[in-house]
Amino acid sequence: MPEPRRWSLEELRRDANESTERFRAGRLRDPLRELYRQTFDSFREIFRDLVPQLAYLSGSEGPSRIADLFASPENQAAVRYLTAPPTSEDDLKTLANTSLAARALAKDRDAARRVRDVIMASLDDRRFPWVHRGTVPTDVELEAAIVASAGLIAAKRIETARRTDAQKIQEELVKSQLQSSGFVEVRRRPIRQPHQAPAPGEFCSESVFGPTRADIIVRLHDQRIMPIECKVSNSAVNSFKRVNHEAANKATQWLTAFGRSTTVPAAVLSGVFNPENLVVAQDAGLAIFWAHRLEDLAEFLAAAK
């Protein structure tokens, strides 16, 4: 049975350079800039209302205000971004030992107080120095804190959107190539055994495949199963995590669980990658394809008929 092409280091360097150039070009015309501005402006108004209340939050009526704030997801996020570093929703639940549902906090004053205490104990003393001084903030201090807080949460949300959107776009490109090659998308399902995978000529979206998940699972026409990971990286350092730690590690698990005669683990890459790390990933059994040249994937799919 045919195997995916194994690339030389020189070939990987060539494609890594091409992928990096495409990443640079795309980032320079980033459409998320407008979303950043909108997010910043929205949260600036939220913080304009919230920041002057910090002294009030630390007082006896603070827990009641916390319950009111948590009725809005955006206000709840703003409260969590008052700390340094920002506190995740899961961390706040754990540290305060409570649900963050507004209704629960309104009914349980002690729970609301615990949430307030976690926030105030971790309050960013660089953005809100007057709280620690016990003084009234100046207009300049207030405006600086509002702008810094809005910028902090807007940047984080854009970072998350950029990462999520990039992978989603890549997955759609791979699916489009599969469909162009005559493969049909079917419903996703957990695949614990090979017979549970899609039929030859079919594929499904993200599903459990043996011991871990795969972004796309393809059944080749020759009966082998090809789990595909879609990986987007913005730096050579980050690429080690995306390919070697994540995708290659999954490939090892899949090959151990199902065997080399049954499984063809693959990754489709876009962005910035270290070619030397890709050689190591290939040695671990991971087939490498590039998002900017998906015809290589199409050729392998045709060869596996």
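Residues numbered from 1 in each chain as written. Predicted model: local features only at pLDDT ≥ 70, side-chain atom pairs only at ≥ 80, totals over all residues. Heavy atoms only, no water.

## Some words on the sheet that holds strand β6 (residues 287-290)
Stated formally: Should DSSP find at least two bridges between two strands, the strands are taken to pair. Where helices and strands are cited, they refer to DSSP runs of H or I of at least four residues and of E of at least two residues respectively, numbered from the N terminus.
Taken in spatial order, the six strands line up as β1-β2-β3-β4-β5-β6 in an open sheet, and their pairing is mixed. Only two strands of the sheet have a single neighbouring strand rather than two, namely β1 (184-185) and β6. The sheet contact formed by strand β2 (residues 202-209) and strand β3 (residues 212-219) spans seven bridges and is antiparallel. Directly across from Glu202, in β3, lies its bridge partner Arg219.

## Remarks on the packing of helix α2 (residues 32-50) against helix α5 (residues 73-80)
To characterise two packed helices, one gives the angle between the axes of the helices and the distance between these axes. Quick reminder of the rule: Axes here mean lines fitted to C-alpha atoms, for a helix over just the part in contact, with angles spanning 0 to 180 degrees between N-to-C directions. Just so you know how the angles are binned, under 35 degrees is roughly parallel, over 145 roughly antiparallel, 65 to 115 roughly perpendicular, and the rest oblique. We call a crossing left-handed when the near helix sits turned anticlockwise from the far one by less than a right angle, and right-handed when that turn is clockwise. Contacts are assigned to residue pairs with any non-hydrogen atoms lying within 4.5 Å of each other. Gly counts as polar in this scheme, as do all residues outside two lists: the nonpolar Ala, Val, Leu, Ile, Met, Phe, Trp, Tyr, Cys and Pro, and the charged Asp, Glu, Lys and Arg.
α5 packs onto α2 with a crossing angle of 65° between their chain directions and a minimal axis gap of 10 Å. By the angle between their axes, α2 is roughly perpendicular relative to α5. Like other packed secondary-structure pairs, α2 and α5 cross with a definite hand, here right-handed. Note on element contacts: α5 touches α2 through Glu74, Asn75, Ala77, Ala78 and Val79, opposite Phe43, Ile46, Phe47 and Leu50. In the contact of α2 with α5, the residues fall into seven nonpolar, one polar and one charged.

## A few points about the packing of aromatic side chains
Just so we agree on the cut-off: Only centres within 6.5 Å qualify two rings of Phe, Tyr or Trp (six-membered ring in Trp) as a pair; their planes then separate them into stacked at under 30 degrees, edge-to-face at over 60, and tilted for everything else. For each residue, the accessible area found with a 1.4 Å probe, counting protein chains only, is set against the maximum for its type, and the residue is called buried under 20%, exposed over 50%, and partly exposed in between.
Applying the stated rule across the entire model yields seven aromatic pairs. Relative to Phe47, the ring of Phe43 has its centre 6.4 Å away and its plane inclined at 40°; by these criteria the two rings are tilted. Of this pair, Phe43 and Phe47 both sit in helix α2, separated by four residues, roughly a single helical turn. Taken individually, Phe43 and Phe47 each receive the classification buried, so the pair is uniform in this respect. Seen from their ring centres, Phe273 and Trp290 are 6.0 Å apart, and the 80° between their planes marks the pair as edge-to-face. Of this pair, Phe273 sits in the loop between β5 (266-272) and α12 (275-283) while Trp290 sits in strand β6, placing them 17 residues apart in sequence.

## Re the pattern of salt bridges
Going by this rule: The rule for a salt bridge is simple: a side-chain nitrogen of Lys or Arg has to be within 4 Å of a carboxyl oxygen of Asp or Glu.
If you walk through the whole model with that rule in mind, you get 30 salt bridges. When the shortest N-O distance is used, the salt bridge between Glu185 and Lys175 registers 3.5 Å. Of this pair, Glu185 sits in strand β1 while Lys175 is found in helix α10 (residues 139-180), placing the two residues 10 residues apart along the sequence. The salt bridge involving Glu246 is made with Lys231; its shortest N-O contact spans 2.6 Å. With Glu246 in helix α11 (residues 236-258) and Lys231 in strand β4 (residues 225-234), this residue pair connects regions lying 15 residues apart in the sequence. For the pair formed by Glu246 and Lys231, the shared burial category is buried.

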